[in-house]
Amino acid sequence: MHRARIVFNISKSGQSERFASWLLNKPQTAAVSVNANRLKSSTAAEPFLNGSSSAYVETMYNAWLADPNSVHASWDAFFRNATNGAQPGAAYTPPPNLAPYNKNEVPLTSLVPSSGGMPSISAGSPINEKIIDDHLAVQAIIRSYQIRGHHVAKLDPLEIANYDLGGKSPTEVIHNSYRFDEADMDRVFKLPSTTFIGEKEKALPLREILNRLEQAYCNNIGIEFMFINSLEQCNWIRQRMEPPNVTKMNADQKRLILARLTRSTGFENFLAKKWSSEKRFGLEGCEILIPAMKQVIDVSTKLGVESIIMGMPHRGRLNVLANVCRKPLHQLFTQFAGLEAEDDGSGDVKYHLGTYIERLNRVTNKNIRLAVCANPSHLEAVDPVVQGKTRAEQFYRGDNEGKKVMSILLHGDAAFAGQGVVFETMHLSDLPAYTTHGTIHIVANNQIGFTTDPRHSRSSAYCTDVARVVNAPIFHVNGDNPEAVMHVCNVAAEWRATFHKDVVIDIVSYRRNGHNEVDEPMFTQPLMYQKIRKTKPVLEKYADQLIAEGVVTAEEVKDVKDKYEKICEDAYNQAKQETHIKYKDWLDSPWSGFFEGKDPLKMSATGVVEETLVHIGRRFSSPPPNAAEFEIHKGLLRILKSRMEMVDNRTVDWALAEAMAYGSLLKEGIHVRLSGEDVERGTFSHRHHVLHHQKVDKATYCALAHLYPDQAPYTVCNSSLSEYGVLGFEVGYSVTNPNALVLWEAQFGDFNNVAQCIIDQFISSGQAKWVRQSGIVLLQPHGMEGMGPEHSSARLERFLQMCSDDPDYMPPESPDYEVRQLHDCNWIVANCSTPASYFHILRRQIALPFRKPLILMTPKSLLRHPECKSSFDDMKEGTNFKRVIPEEGPASENPQNVRKLAFCSGRVYYDLLKQRRDKGLEKDIAIARLEQISPFPYDQVKAEIAKYPNAQLVWSQEEHKNMGSWSYIEPRFRTLLQNQKQIRAKSQSKGGSWLSQLFGRDESPQTNAQETETVPRTISYNGRATAASPATGSKAAHNKELRNLLEEFCVL
Ligand SMILES: Cc1ncc(C[n+]2csc(CCOP(=O)(O)OP(=O)(O)O)c2C)c(N)n1
Ligand SMILES: [Mg+2]
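About the cut-offs
- Residues numbered from 1 in each chain as written.
- Chains lettered and ligands numbered in written order.
- Predicted model: local features only at pLDDT ≥ 70, side-chain atom pairs only at ≥ 80, totals over all residues.
- Heavy atoms only, no water.
- Helix = DSSP H or I, 4+ residues; strand = E, 2+ residues; numbered from the N terminus.
- Buried < 20%, exposed > 50% of the residue type's maximum accessible area, 1.4 Å probe, protein only.
- Contact = heavy atoms within 4.5 Å.
- Areas by Shrake-Rupley, 256 points an atom, 1.4 Å probe, with all protein chains shown as cover.
- Donors = N, O, S within 2.8 Å, 3.2 Å for Na, K, Ca; no water.
- Near = heavy atom within 4 Å.
- Polar contact = N/O pair within 3.5 Å; in protein donor to acceptor, adjacent residues only side chain to side chain.
- Nonpolar A, V, L, I, M, F, W, Y, C, P; charged D, E, K, R; others polar.
- Axes fitted to C-alpha atoms, helices over the stretch in contact; angles between N-to-C directions.
- Parallel < 35°, antiparallel > 145°, perpendicular 65-115°, else oblique.
- Left-handed = near helix turned anticlockwise from the far one by under 90°.
- Right-handed = clockwise from strand over helix to strand, strands pointing away.
- Pairing = 2+ DSSP bridges.
- Arc of directions from axis to C-beta.
- Expected span 1.5 Å × (residues − 1).
- Salt bridge = Lys/Arg side-chain N within 4 Å of Asp/Glu carboxyl O.

**Q** Could you clarify how one ought to interpret the overall build of the chain in this entry?
**A** Secondary structure assignment for the chain yields 37 helices and 28 strands. The buried share among the 1052 residues of the chain stands at 58%. Sequence separation of at least 24 residues holds for 80% of the intrachain contacts in the chain that already meet a minimum separation of 6. Element-wise, carbon and sulfur atoms account for 51% of the exposed surface of the chain, whose accessible area totals about 42,900 Å².

Listed below in structure tokens is the structure:
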């Protein structure tokens, strides 16, 4: 500003004309023509001398003419060079900076006098181009270290890694084509504002610059961060990684690392000694993982975190439970004893079990809750589950910024690079309804996956490259440098607390043994393992280092080691006293208070007082209260109007029933969360839970969130286009708090198989393996409606196949039959045919005194089917979920005359109904609907069968024979009918007559019980033939198939 003002004054002197003349190539005045002609050729090549800058240049020139000292040295140099005949382009020096210097910047001129005999560019002398080039080169080199230093960093304790330098030497990678002579090394260079190697120094000799950059970027830490879009975040990292000695620790810190390393190493040694041939997937070679995790936890706790949810694979898991979570050692050791379990469930292997611990963090003196989620063998599958659980905990605590609850995910190098769910989980990290406000990822990178080398297991340079997609900084660190690892952990924890974004710590280490303790690694990695055999364990190396530094004595090292061994030995002896293991000891999500004092077989009512239905219905059918300003799409106004008419008529369709189920639960204080692809509107445009202002971006209204002032929160959220990741997330969410209805909706049911691992490993078997309950609901659009192979079937058969109820066992009848069956099953599978059933079954999820997953086939065309409506009468107080809806039409009035009793489930009912009507067979065929397929409602099916003694039994389904419900219901019907036959035989001998009613066909012999046994009723199949593909792609074929099955349905 100061210079600008002077320039302005001078420009008023009238000399401007003269300068402008040569600039604009106009005829010049005599006074300047000599200079101007000389300047002409030089300045023509200067890109900054164009139209808009010409006035400024002109004033600078005029000022310079009046007094060369009045302008910046670079202008002085420029005009001097130009007037001395510099070649085109050669007169250029960077234009002067009018802004005040940043705190890390110094003017170039201030360096020159101290530049060791180099020509000065101070006023009056010509500029030396080399100075500028050299400064630019130094800047480029600094940047090069920041971008590519990690390629050269000494990350691998085994020194066998090849970080793909493209055939270049490390120096070439960093320095590119810049070369400095030894003589240049002592020259001082100004440091740009994008480096912090100087700390308070603004300039440093080149030798020191290179030294410091080597230390920061090419030693035992390699940082990838320059792809981050935010300059603030890049600078934040540079500030913490570049200053000299940032990784230095004090003696106390060093002793703490040593103590932790001793425990980590001692634990594996102890297990190896006691159970030498047991699989434990030991941590040997990456023992530093334990101190690293503890460091992350310490720092995060100091920064305010109170609860940490962790997910991790097999490697070092027992060690983490013992030394990070401080799970009682004897509980861990009993897992090796092969004891029977005291509680229900089938259990899991020890290196999959979860835990939950609340304890005092001794370093921070604050209480902390640590949970390790139980997980299956399926690597990385637990990642989204951990995120969902973390999100839920944040939600219930009102921790909207993730300051109190955070997640840590541990990964193996091969799995992190190979498993797609890692990417899916990463992509949830910044989505409003899914973010956990930053996850710390730690890779125990032992440079091998089972027997596969990195060069065969990934195409990326690093196993961590997936994290680049979300702009997460990645810290690679040599696992044999404990202090470097701790520094990186400090920075990562601080990063998460500052920016609330993901960060990755890649601990490059090795695996001392085979994949597990009984594997021979030399079969496949002979050279690597020769190297490993010669590598000292990190504990030994670090202890030697600290002894040499005088931080500890050899005796102290031994003492710490012996003490820990004694702790292990004591726990081992305690474990020997145990007679049983308890799965409950390994629960990762305790629901304190939920089960206590509850009758485990008592279910609350699911009907709702009519006033509540009306209130919710009206709210759901109304625009926002400030409707005048909120412009709603015209089509939606029509939908709202028709909803309101339904409420007035005391009827509901599918969407209204759903809203009433959610709304009534919200009223009762139950949080409802509906997540999935396009769920806000609904794939079939039927739901419309979020109304969008037609003129204002992001202005939305969600009626269900505003039903009652004291209601629970409602979340409805469109998810990323992911099944595996998002379903995993919702499972994690659902296990956190039983007082919530968590639903995931597939876009079409067919797509659930992309999340098969979550379905198989977590939902169907989670409770059996980990005594962990979940009431998650899977809404899966299902139905054969001519939409082709991939938009028809939710693969109902697969869910039914995984039901754990025994097809050969019919539970004895009791008043609490329904709830008892639900209690004993692994999940519920249903295909409801009415909105009222949908309403009740959703509410029943919460009415149960325990939690079970619900797999629900949901309709597509039924969403708008005129007959698919329910009355308030079926939902109001006193009503309940009907597992079986019996025939209620003319056939039920004269059951003796009914010739066929068809059982079915879901939308095919409406096709059957129409066909029966069209054929005038309403008195001849009865149709009963299984609204719940599994657990199989034996009691109600039995009653229905008994009612129609003369009817042939048929199962009608629209799916192909090898799909749908047939293979599930057929053996259960057989069991039911067989069971009845036995009773019949017994009673027959007593001469009872009711049996003929139950089994009909009075042709059964009256005299011989044995003969009676040979003619039980059977059920036959009515539906599509077997097929490989779930549905045909041809509309014509679809219709033909449907016609056939309906015709067959009517054959009597
Ligand atoms: C989804 C899945 N595929 C395959 C496996 C079998 N498996 C178990 S461990 C392992 C190697 C894992 O390597 P890495 O991720 O590097 O972990 P490390 O064992 O080296 O710690 C494999 C392939 C698995 N558990 N899960
Ligand atoms: Mg590995």
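Following the structure, the description resumes.
**Q** Looking at this structure, how should I read the coordination of the magnesium ion (ligand 2)?
**A** Think of it this way: four donors in a tetrahedron around the metal ideally sit 109.5 degrees apart, and six in an octahedron ideally sit 90 or 180 degrees apart. All of the protein donors around the magnesium ion (ligand 2) are Asp 413 (OD), Asn 446 (OD1) and Ile 448 (O); their distances to the metal are 2.0 Å. Taken in sequence order, the residues that donate to the magnesium ion (ligand 2) follow the motif D-x32-N-x1-I. Under the relative-accessibility criterion, Asn 446 is labelled buried at 6%. Residue Ile 448 is classed as buried on the basis of its relative accessible area of 3%.

**Q** Hey, could you run me through the site of ligand 1 in this one?
**A** The environment of ligand 1 is made up of 15 residues, and the closest members are His 314, Arg 315, Ser 377, Asp 413 and Ala 415. Between ligand 1 and Arg 315 there is a distance of 2.9 Å, counted from an oxygen atom to a side-chain nitrogen or oxygen. Bound to the protein, ligand 1 loses 74% of the 580 Å² it would expose on its own. A total of three residues in the shell around ligand 1 trace back to one element, the largest contributor, which is helix H15 (residues 413-418). Its residues assigned to classes, the shell around ligand 1 shows five nonpolar, eight polar and two charged.

**Q** Is there a simple way to explain the packing of helix H14 (residues 382-397) against helix H25 (residues 724-734) in this structure?
**A** Geometry of a packed helix pair, given as the angle between the helix axes and the separation of the axes. Two elements in contact, H14 and H25, have axes whose closest approach is 6 Å; the angle formed by their N-to-C orientations is 45°. Relative to H25, the element H14 is oriented oblique. In terms of crossing hand, the pair formed by H14 and H25 is right-handed. Taking contact as the criterion, the partners of Pro 384, Val 385, Gln 387, Gly 388, Lys 389, Arg 391, Ala 392, Phe 395 and Tyr 396 in H14 are, on H25, Tyr 724, Gly 725, Gly 728, Phe 729, Gly 732 and Tyr 733.

**Q** I tried to follow the environment of Gly 783 on my own but got confused; where do I start?
**A** Tracing the sequence through the fold places Gly 783 in the loop between strand S19 (777-781) and helix H28 (796-801). Look at Gly 783 and you get buried, because its relative accessible area is 0%. Once the C-alpha coordinates of Gly 783 and Pro 859 are considered, the two residues, 76 residues apart in sequence, prove to be 6.6 Å apart. Not counting the four nearest positions on each side in its chain, Gly 783 is found in contact with His 791, Ser 792, Lys 860, Arg 907 and Glu 958.

**Q** Explanation requested: the pairing of strand S20 (residues 828-831) in the structure shown.
**A** As a general feature of sheets, a regular strand has side chains that alternate between the two faces. Of the two faces of S20, the one carrying Ile 828 and Ala 830 and the one carrying Val 829 and Asn 831 are both buried. For the crossover that starts at S20, traverses helix H30 (residues 835-847) and ends in the parallel strand S21 (residues 854-858), the hand is right-handed.

**Q** In this structure, what is going on with the sheet that holds strand S25 (residues 925-930)? I would like to understand it.
**A** Paired through backbone hydrogen bonds, the strands of a sheet run either parallel or antiparallel to each other. In space, the five strands of this open sheet follow the order S23-S25-S24-S27-S28, with mixed pairing throughout. Each edge of the open sheet carries a strand with a single partner, namely strand S23 (884-885) and strand S28 (1019-1024). Taken together, the five bridges between strand S27 (residues 952-960) and S28 define a ladder with parallel strand orientation. Bridge pairing in S28 links His 960 to Arg 1024. Packed on one face of the sheet, helix H33 (residues 938-947) meets S23, strand S24 (900-904), S25 and S27 and runs near 160° to S24. Where helix H37 (residues 1035-1050) meets the sheet, its contacts fall on S24, S25, S27 and S28, and the angle it forms with S28 comes to roughly 155°.

**Q** What is the right way to look at helix H22 (residues 610-620) in this model?
**A** An α-helix turns once per 3.6 residues; consequently, residues spaced three or four apart project the same way. Listing the buried residues of H22 in full gives Thr 612, Leu 613, Ile 616, Gly 617 and Phe 620. One side of H22 holds all its buried residues, which, seen down the axis, span an arc of 130°. Turning to H22, the residues buried within the fold contact helix H23 (634-648), helix H24 (654-667) and H30.

**Q** Whenever I open this one, H24 confuses me. Can you help?
**A** Between its first and last C-alpha atoms H24 spans 20 Å; for 14 residues at 1.5 Å apiece the expected length is 20 Å, and the two agree. Its side-chain oxygen placed 3.3 Å from the backbone nitrogen of Ala 655, Asp 653 serves as the N-cap of H24.

**Q** Looking at this structure, I do not really get the pairing of strand S11 (residues 503-508). What am I missing?
**A** Counting buried positions along S11 yields six of six residues, so the element is predominantly enclosed. Here S11 shows two buried faces, one formed by Val 503, Ile 505 and Ile 507 and the other by Val 504, Asp 506 and Val 508. Of the pairings in the sheet, the one linking strand S9 (residues 439-445) to S11 comprises six bridges and is parallel in character. By the bridge assignment, Ala 444 is partnered in S11 with Ile 507. Both strand S10 (residues 474-478) and S11 contribute to a ladder of five bridges, which runs parallel. For His 476, the partnering residue across the bridge sits in S11 and is Asp 506. Between the parallel elements S10 and S11, the chain passes through helix H18 (residues 482-499) in a crossover that is right-handed.

**Q** What is the right way to look at the pattern of salt bridges in this model?
**A** Between side chains of opposite charge, a pair can form when the charged atoms approach closely. With the rule as written, the count across this model stands at 55 salt bridges. Here Asp 816 and Arg 820 are joined by a salt bridge, their closest N and O atoms 3.1 Å apart. Judged by relative accessible area, Arg 820 falls into the partly exposed class, the value being 39%. Two residues, Glu 818 and Arg 883, come together in a salt bridge whose shortest N-O distance is 3.9 Å.

**Q** What should I look at first to understand the sheet that holds strand S26 (residues 932-934) in this one?
**A** Strand order in the open sheet formed by seven strands is S17-S14-S18-S19-S21-S20-S26, with mixed pairing between adjacent strands. Each end of this open sheet is capped by a strand with a single partner; those strands are strand S17 (714-718) and S26. Ignoring strand direction, the axes of neighbouring strands in this sheet form an average angle of 20°. Here six bridges tie strand S14 (residues 671-676) to strand S18 (residues 740-745), and the two strands are oriented parallel to one another. The residue bridging Arg 673 from the neighbouring strand is Val 742, located in S18.

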